[in-house]
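Chain by chain, the residues:
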Amino acid sequence: MADKLERYRDMRDPAKTPEPVPERAPEPGGDDTFVIQEHHARSLHWDLRLERDGVLASWAIPKGLPEDPAVNHLAVHTEDHPMEYSTFEGEIPRGEYGGGTMTIWDRGTYETEKWSDREVKVVLHGERTQGRFALFQTNGKNWMIHRMDPPSRDPLPGPAPMLPVRRARLPRNAEEYAFEFAWGGRRTLVPIEGGRTDVPLLRPLAERLGSRTAVLDGEIVSLAGEEVFIAYDLLYDAGRSLVGEPYRTRRAALEALEIAGARWQTAPAWPGQAQPVRQAARDQGLPGVVAKRLDSPYEEGESKAWIFVPAEA
């Protein structure tokens, strides 16, 4: 019987990589283990591995598992991996095959509904992944992966941002609002999915968020001669729309993402602090402040729940 791991061994030097490289040929097992590994290699992708005949049949999926049955994702069939790989996490040295950081994104058991050379249907039972998926070959090593279950997430919100009304005075009931700087930058909604975004400045941030699907609201501003994205709202997170949630809830979810770096920051917000924030905006030469009702949902277009007040009276 042919050694299913021969190609795997030929592609790796055990003296240079921490990956498991067993010397013996694999032995059949229970055919019920799966693992998904997040692989920050030359390009971010996820590796789906299914136990079959003593090895892990493997596919590299650039955008991760599809959450919507209407959208299939590319799945590139790669070499079989040893069963020991189901627990592997570590840093594969640069210059070696697959160089980069490998972490376990999910693992569990699965059931086989169909397995042939051109089509695989399985039911995954993981901590993060539940459901029926089909893998089918399209051209050579290129396959596609399809979710057979109903959508596992809310639909993404529309493209229109929430806009403040302009007023000359700050609201009297300041305790009902959070106050943020008006930055005077380029308003930008940022969809992030599968570690990718169509906003070039934020592609490294998208990769850091991994498989997390999110929609950020903010502005691109110039600070010290550099473009910086200032995030001040979160409309969607991890499969759930937040537009119907109050501002205070969205704000807490945004802060939990810990968006902080040289080219992206979370905008500061001060509940109830109307006059000090306006004075600070005036001192820093900013256009003004935006008062946001703590209990307001996110509404497309102009809304009285957000109030722009110029820094100068």
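This is a predicted model, so every value here is computed, not measured. (Residues numbered from 1 in each chain as written. Predicted model: local features only at pLDDT ≥ 70, side-chain atom pairs only at ≥ 80, totals over all residues. Heavy atoms only, no water.)

(A) Just the sheet that holds strand S19 (residues 301-310), in detail. The 5 strands lie next to each other as S10-S19-S18-S11-S17, forming an open sheet whose pairing is mixed. Every interior strand has two partners, whereas the edge strands, strand S10 (162-166) and strand S17 (270-271), have only one. When strand S11 (residues 177-182) meets S17, the two strands line up antiparallel, connected through 2 bridges. Along S17, the bridge assignment pairs Phe179 with Trp270. Packed onto the sheet, helix H3 (residues 247-256) meets S11, strand S18 (288-293) and S19 and runs at close to 55° relative to S11. In the packing of helix H4 (residues 274-283) onto the sheet, contacts are made with S11, S17, S18 and S19, and the angle to S11 comes to roughly 0°. (Pairing = 2+ DSSP bridges. Helix = DSSP H or I, 4+ residues; strand = E, 2+ residues; numbered from the N terminus. Contact = heavy atoms within 4.5 Å. Axes fitted to C-alpha atoms, helices over the stretch in contact; angles between N-to-C directions.)

(B) Spotlight on the packing of aromatic side chains. Under the counting rule described, the total for this entry stands at 8 aromatic pairs. Ring centres of Tyr8 and Tyr85 lie 6.2 Å apart, and the angle between their planes is 90°; on these two criteria the pair is classed as edge-to-face. With a gap of 77 residues between them, Tyr8 in helix H1 (residues 6-10) and Tyr85 in the loop between strand S4 (73-82) and strand S5 (90-92) connect regions that are remote in the sequence. Assessed through its relative accessible area of 0%, Tyr8 is described here as buried. Here Tyr85 falls in the buried class, since its relative accessible area comes to 1%. Between Trp59 and Trp143 the ring centres are 5.6 Å apart and the planes differ by 70°, which places this aromatic pair in the edge-to-face class. Of the two residues, Trp59 is situated in strand S3 (residues 55-61) and Trp143 in strand S9 (residues 142-147); the sequence distance between them amounts to 84 residues. Given the relative accessible area of 1%, Trp59 is considered buried. Residue Trp143 is classed as buried on the basis of its relative accessible area of 3%. These aromatic residues form a ring-pair network of at least three members: Tyr8, Tyr85 and Phe88. Sitting above the plane of the Trp306 ring, Lys292 keeps its charged end 4.0 Å from the centroid. Here Arg293 stacks its cationic end above the ring of Tyr177, 5.5 Å away from the centre of that ring. (Phe/Tyr/Trp six-rings, centres within 6.5 Å; stacked < 30°, edge-to-face > 60°. Buried < 20%, exposed > 50% of the residue type's maximum accessible area, 1.4 Å probe, protein only. Lys NZ or Arg CZ within 6 Å of the ring centre and 35° of its normal.)

(C) Main features of the pairing of S4. Counting buried positions over the 10 residues of S4 gives 8, a clear majority of the element. Relative to S9, S4 runs antiparallel, the two sharing 4 bridges. Following the sheet pairing, Leu74 is matched in S9 by Met144.

(D) A look at the environment of Lys121. Looking at the secondary structure, you find Lys121 in strand S7 (residues 119-126). For the pair Lys121 and Leu135, spaced 14 residues apart in sequence, the C-alpha to C-alpha distance is 6.3 Å. Beyond its immediate sequence surroundings of up to four residues, Lys121 is in contact with Glu111, Thr112, Glu113, Lys114, Phe133, Ala134 and Met148.

(E) The side chain of Thr129, seen in detail. Within the element layout of this structure, Thr129 appears in the loop between S7 and strand S8 (130-139). On the accessibility criterion, Thr129 (3% relative accessible area) is buried. The contact partners of Thr129, leaving out residues within four places of it in the chain, are Ile36, Leu65, Trp105, Asp106 and Leu124.

(F) Spatial organisation of the nonpolar core. Counting 21 residues, the largest nonpolar core has Phe179 and Trp183 as its most contacted members. When residues of this core are traced back to their parent elements, those giving at least two are S11, strand S14 (226-237), H4, S18 and S19. Every residue in contact with Trp183, bar those within four places of it in the chain, is listed here: Glu219, Val221, Ile230, Tyr232, Ala267, Pro268, Leu286 and Pro287. Counting residues in each nonpolar core, the second largest holds 20 residues, with Phe34, Ile36, Phe133 and Trp143 among its members. (Core = buried A, V, L, I, M, F, W, Y, C linked by side-chain atoms within 4.5 Å.)

(G) Structural context of the layout of surface pockets. Estimated volume of the largest pocket: approximately 780 Å³. Taken together, 34 residues form the lining of the largest pocket, with Leu65, Glu67, Arg153, Ser211 and Thr213 sitting closest to its centre. Breaking the lining of the largest pocket down by element, the ones donating at least two residues are S4, S8, strand S12 (186-192) and strand S13 (214-223). Here the residues of the lining of the largest pocket are counted per class, giving 14 nonpolar, 11 polar and 9 charged. Around the second largest pocket, the lining is made up of 26 residues, and of these His39, His45, Thr78, Tyr97 and Gly98 lie nearest the centre. (1 Å grid on protein atoms, 1.4 Å probe; cavity = no way out; pocket = protein on both sides within 12 Å on 5 of 7 lines; lining within 4 Å. Points joined across faces, edges and corners; volume = space filled by probe spheres on them. Nonpolar A, V, L, I, M, F, W, Y, C, P; charged D, E, K, R; others polar.)

(H) Structural detail: the pattern of salt bridges. One pass over the structure, following the stated rule, counts 22 salt bridges. The salt bridge involving Glu193 is made with Arg153; its shortest N-O contact spans 2.8 Å. In this pair, Glu193 sits in the loop between S12 and helix H2 (203-208) while Arg153 sits in the loop between S9 and S10, placing the two residues 40 residues apart along the sequence. Its relative accessible area of 36% is what places Glu193 among the partly exposed residues. Close ionic contact of Arg293 with Glu176 constitutes a salt bridge, the shortest N to O distance being 3.0 Å. Note that Arg293 is positioned in strand S18 and Glu176 in the loop between S10 and S11, a separation of 117 residues in sequence. Given the relative accessible area of 30%, Glu176 is considered partly exposed. (Salt bridge = Lys/Arg side-chain N within 4 Å of Asp/Glu carboxyl O.)

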